[in-house]
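So the chains spell out like this:
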Amino acid sequence: MSNNSPEREEVSIPAISVDRSASLGSSAQEALNDQGAPVAQHGAREMEAQNLHIWFGNNLVLEKVDLVFPANTVTALIGPSGCGKSTFIRTLNRMHELIPTAALAGKVLLDGRDIYSPDVDVTQIRLKVGMVFQKPNPFPAMSIRDNVLSGLRLAKLPAGDKESLVEECLTRAGLWTEVKDRLSEPALALSGGQQQRLCIARALAVKPEVLLMDEPCSALDPGSTLKIEDTISYLSDSITIIIVTHNMQQAARVSDYTAFFLAQYGEPGRVVEHTTTSQIFSRPKDPRTESYITGKFG
Amino acid sequence: MNPRVLTQADQIAIVTRRRLSDKVFRAILIFGGTTSFFVLLAIFLYLVQRSAPVLREFGLGFATNSIWYSGDGFPASQGSSDPANFGLFPMAYGTLLVALIAMVIAVPISVMLALGISYYMPKRVSAAVTFIVDLAASIPSVVFGLWGLFILVPHARYWAQLLNRYLDWIPIFDVTFPSFDQSPFVAGLVLALMITPIVTSISREIFSQTPLELIQGAYALGATRAAMIRNIVLPFGRGGVVGGAMLGLGRAMGETVAVFFVLQLFYDQTNWFRILESQGGNVASLIVARYGEATEFELAGLFGAGLVLFILTLGANLVASSIISRTTKKKRVSKK
Ligand SMILES: Nc1ncnc2c1ncn2[C@@H]1O[C@H](COP(=O)(O)OP(=O)(O)OP(=O)(O)O)[C@@H](O)[C@H]1O
Ligand SMILES: [Mg+2]
């Protein structure tokens, strides 16, 4: 599992080139610690997990997770199957607690405030922290337009100019030109990739600060995947994105930071390495990270 | 050889050879499916045959007239001096009225109970309630009918008085004789009690099949539980609830004993809407009431009543299935 050679050379992984390194400086300058991981500033649109532990029943699945997701950045969560990426991401918008045996300790901060503190309204958190699921899940009983507006209806938000909101969200999700003439058709008439972008548009309509994406492209063809990656890059100018992916190229293409999760046999999952994407793909510090991203396991 | 361009004439017939086991299974299914149809047909034909004397005597009037008079047991056409005369209308209409009252009471209660079980009660409580409801649904409804008869009816009289006192400006709660017993309202109440378990059980089953990813999708958009139920669970379960309600309706229309005890039958007058009046009609109760002392000709009349009930029930089910198919089709097409 770990790298055999005692003397580790500088690795370069030619198959993976990092696209986003340049964009890091362009958004608000983030402070990095000496590991290269971002430092919390407790500002708007910033998410942070502090000493987070997560259980299912008596089973500790994630231990001592400390991660900062700076505002308007994209962070990729990578790691082998079963290491707790989905579980972690679901604690960030309080979907975790929908599972009866689920429990957690530690803190999750949004805009510097703990989202699990007792006086917080969970529906407000889920409005601020949107989520896109692995499998596209548009509401089948609703049209394309109604799907985009469904968040307003479900959360009983006042809808201003509905038509321009629909257009804005679909445009930001990269779907507008494809569906603008068929807005009243049922959502299931779309292809899988289009459905997924519809789900992104639906999440955008409630104006989230943070968007969680759990393997959003795993059920999609390469063309749709690229479209969604474009959408992610575009959105990251205005919202914070956290994306789980098994696709190393995708992580390299879309993210500013990458966190590598690993659950070694019989142990709870931990964050092995969290730093800028360019660093993790060119000079990973931990040999386990290196073997994972070069495809030696996982 | 250069392959030429193929045309429709070249289309091959695609043959899938059936295995023996498939054939046997298919035969069993076809047999089962058609048998139920033929049993239904046989019942229909038997009813027509047995009721032929009255149908021939009164024709369509049997369904539209309002009278049930045995006379000397013979029809006028046989030269009777005190001829029997049968017209079923108040009974047929009353059957529908009582069933409607039962549905109006039972369906909302059932849907709310089913939603409560599926989404509001703590796990242990909902498991217990589910068990009880499913058990109750499997008990013959007459048991509930009798329970309702002895326990519920005394209270129902009081509720009816209340409805009448405060809501008698609504025509349906008005009465001409304030006795408040044996009214369509009371009969509907007893029937509602009988069908609530089965309708609840079916609704709960449907609601529990709402896809989890849709529920999670709604919650992830900041939905409250109530909003999630209204926008996701109810649209998904609508067809199934209508189906369950119609199953209940079928039971409600065919129920005999319970209604017989709690409804005052008026053969020659139709109670159109005054549901608190001690006056109503019910085909099944008519059959129970008259069967014991019926002459041969009246017996034919009772078979005719059975035929009408058969048609009413079948009609209600057809309406139901068309509602279901319309509401499910709506999901796919109507938004065009
Ligand atoms: N509902 C649950 N109840 C109990 N244990 C669970 C539940 N969901 C996940 N787990 C356990 O938690 C651990 C982490 O699962 P999780 O789904 O978060 O992994 P993952 O990193 O998302 O994997 P993948 O890449 O395959 O999606 C696994 O060991 C899994 O068995
Ligand atoms: Mg996962």
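As shown above, the structure is provided for reference.
Attention here is on the structure that accompanies the text. (Residues numbered from 1 in each chain as written. Chains lettered and ligands numbered in written order. Predicted model: local features only at pLDDT ≥ 70, side-chain atom pairs only at ≥ 80, totals over all residues.)

**Some points on the nonpolar core**
- Of all hydrophobic cores here, the largest spans 159 residues; its most connected members are Ala201 of chain A together with Ala102, Val190 and Leu191 of chain B.
- Here this core takes 16 residues from helix α3 (residues 89-120) of chain B, the largest share from any one element.
- Excluding anything up to four places from it in sequence, Ala201 of chain A contacts Val148, Cys169, Leu170, Ala173 and Leu175 of chain A. (Core = buried A, V, L, I, M, F, W, Y, C linked by C-beta atoms within 7 Å. Buried ≥ 20, exposed ≤ 12 C-beta atoms within 10 Å, placed from the backbone. Helix = DSSP H or I, 4+ residues; strand = E, 2+ residues; numbered from the N terminus. Contact = placed C-beta atoms within 7 Å.)

**Comments concerning the sheet that holds strand β7 (residues 210-214) of chain A**
Residues and elements named next belong to chain A.
- Strand order in the open sheet formed by six strands is β6-β7-β8-β3-β9-β10, and the pairing between neighbours is mixed. Either end of the sheet is taken by a strand with one partner, and the two such strands are β6 (129-132) and β10 (270-276). Between one strand axis and the next, the sheet turns through 15° on average, direction left out of account.
- Sitting on the sheet, helix α7 (residues 192-204) touches β6 and β7, and the angle it makes with β6 is about 170°. (Pairing = 2+ DSSP bridges. Axes fitted to C-alpha atoms, helices over the stretch in contact; angles between N-to-C directions.)

**Description of the sheet that holds strand β1 (residues 47-56) of chain A**
All names here are of chain A.
- The strand order across the open sheet built from four strands is β2-β1-β4-β5, with neighbouring strands paired in antiparallel fashion. Bordering the open sheet on either side are β2 (59-69) and β5 (113-114), each of which pairs with just one other strand.
- Sheet topology note: the β1/strand β4 (residues 102-110) ladder contains eight bridges and is antiparallel. Residue Trp55 lies in a different strand from β4, and its bridge partner there is Ala103.

**Notes on the site of ligand 1**
Residues and elements named next belong to chain A.
- Taken together, the residues surrounding ligand 1 are Phe56, Val61, Ser81, Gly82, Cys83, Gly84, Lys85, Ser86, Thr87, Ile99 and Thr101.
- Sorting elements by how many residues they give to the shell around ligand 1 places helix α2 (residues 85-91) first, with three residues.
- When its residues are assigned to classes, the shell around ligand 1 shows four nonpolar, six polar and one charged. (Near = placed C-beta within 6 Å. Nonpolar A, V, L, I, M, F, W, Y, C, P; charged D, E, K, R; others polar.)

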